[in-house]
Amino acid sequence: MAQIFSNQARVTFSYEGSEVSHTNDSNIVNSTMKDRYDFSVEKSATSDCFRPGDRVNFFVNITNTGCGCLGMFRVSDNLGGDGYLTYVEGSARLFVSGSMTTIVPTTASPLEFEISSDLAKEGSLVLQYSADVSGDVPADVLSITNEVSVVAGPYGCGCGCNGSSNNTITKTSTFTLEKCEFAEVLITKSVSSDSVCCDDEIDYFITLTNTGTIDATNVVVTDSLPTGFTLTEVHSENNGVHYKYDASEYTIDYSNVLTLPNAAGRIILVQALAPGDE
């Protein structure tokens, strides 16, 4: 462990007419004695939040903060530990001294890398890789925290150190992805009957579901109706509230495409699902 040492100077003096010696002390200065072998690790990402189905790019920055050189780095990432993140094959890159090389993990689950590069004092390297967020993350999962663990030692170095594999050091870093605030409106359509006769009435049902975290606003639905069909009525049901649209609130164009609502129509608000709802 790094140690802080302090020291202070003193001056003793006299002057003509003085019968005694005088002293004054300087300010105290502090210095830190670094460990012979030490390093820091920091995990970051291109985004601080996630959406189901997203791809996230992660970065592991390792810096030699000691006085000697380090080598034989082993990097392990639990990717959240709940199966919500999956490593993207072929995505890993290693950046050392301005050069980039591809790197293949020794195992993908758990995700582990072995890095043979040596780091001299104050040297650093960056390991980059991507992970896909599961599309089935439950609605009540509001964050994903993953931890990276790095093991290194002074052995195997080509920069002049004479260490032993018994001197391994382990450092960890965690990174939390919060659930993004977003709206995602899914649309499904059903019909009242599989077959109809000429002049029969048929009902279409459109269901809007917001799988995001915040309410969706300015929602507009368009529907291309079959040729020869005439729209008679439009109704909505939102959280138990029924509403019948006036003909002035929607538009049917020349190709029989319905737009609901138009600029004058009642707005559609699709609320986000409460955690646990499907």
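Residues numbered from 1 in each chain as written. Predicted model: local features only at pLDDT ≥ 70, side-chain atom pairs only at ≥ 80, totals over all residues. Heavy atoms only, no water.

Undergrad: Help me out: how do you make sense of the overall build of the chain in this one?
TA: Check the secondary structure of the chain and you find zero helices and 23 strands. At 33 Å, the chain has a C-alpha radius of gyration far larger than the 19 Å of a compact globule built from 278 residues. The dimensions of the chain, computed from C-alpha atoms along their principal axes, are 120 × 60 × 35 Å. In the chain, the share of contacts with a sequence separation of at least 24, taken over all contacts with a separation of at least 6, comes to 66%. (Helix = DSSP H or I, 4+ residues; strand = E, 2+ residues; numbered from the N terminus. Rg over C-alpha atoms; globule rule 2.2 N^0.38 Å. Contact = heavy atoms within 4.5 Å.)

Undergrad: Looking at this model, I keep getting lost on the packing of aromatic side chains. Mind explaining?
TA: Describing an aromatic ring pair means giving the distance of the ring centres and the angle of the ring planes. On inspection of all chains with the given rule, the structure shows six aromatic pairs. Ring geometry for F39 and F73: centres 6.1 Å apart, planes at 85 degrees, overall edge-to-face. Residue F39 is found in strand β5 (residues 39-45), and its partner F73 is found in strand β8 (residues 71-77); the two are separated by 34 residues along the sequence. On the basis of relative accessible area, F73 is assigned to the buried category, the value being 1%. Linked through ring pairs, F58, Y87, F113, Y129 and F175 together constitute an aromatic cluster. Across the ring face of F58, the terminal group of K43 is positioned such that the distance to the ring centre comes to 4.2 Å. Stacked on the ring of Y243, the Lys or Arg R266 has its end atom at 4.2 Å from the ring centre. (Phe/Tyr/Trp six-rings, centres within 6.5 Å; stacked < 30°, edge-to-face > 60°. Buried < 20%, exposed > 50% of the residue type's maximum accessible area, 1.4 Å probe, protein only. Lys NZ or Arg CZ within 6 Å of the ring centre and 35° of its normal.)

Undergrad: Mind showing me how you'd approach the sheet that holds strand β22 (residues 251-252) here?
TA: The strands making up a sheet associate through hydrogen bonds between their backbones, and the pairing can be parallel or antiparallel. Taken in spatial order, the three strands make up an open sheet running β19-β23-β22, and their pairing is antiparallel. Across the chains shown, the open sheet's two edge strands, defined by having one partner strand only, are β19 (221-224) and β22. As judged from the two bridges shared by β22 and strand β23 (residues 257-260), these two strands associate in the antiparallel manner. Paired with T251 across the strands is T259, a residue of β23. (Pairing = 2+ DSSP bridges.)

Undergrad: Can you help me understand the environment of E147 in this one?
TA: With respect to the secondary-structure elements, E147 resides in strand β15 (residues 143-153). Taking relative accessible area as the criterion, E147 reaches 36% and is therefore assigned partly exposed. Once the C-alpha coordinates of E147 and S6 are considered, the two residues, 141 residues apart in sequence, prove to be 36 Å apart.

Undergrad: Honestly, the nonpolar core in this entry has me stumped. Any pointers?
TA: A general tendency of soluble globular proteins is for nonpolar side chains to be buried together. One finds F58, I62, F73, F113, Y129 and V150 to be the most contacted residues of the largest nonpolar core, which totals 37 residues. Here this core takes five residues from strand β14 (residues 124-133), the largest share from any one element. Leave out the neighbours within four places in its chain, and Y129 touches K43, V56, N57, F58, V60, D77, Y87, S91, A92, L111, F113 and V148. With 10 residues, the next largest nonpolar core counts A216, V234, I268 and V270 among its residues. (Core = buried A, V, L, I, M, F, W, Y, C linked by side-chain atoms within 4.5 Å.)

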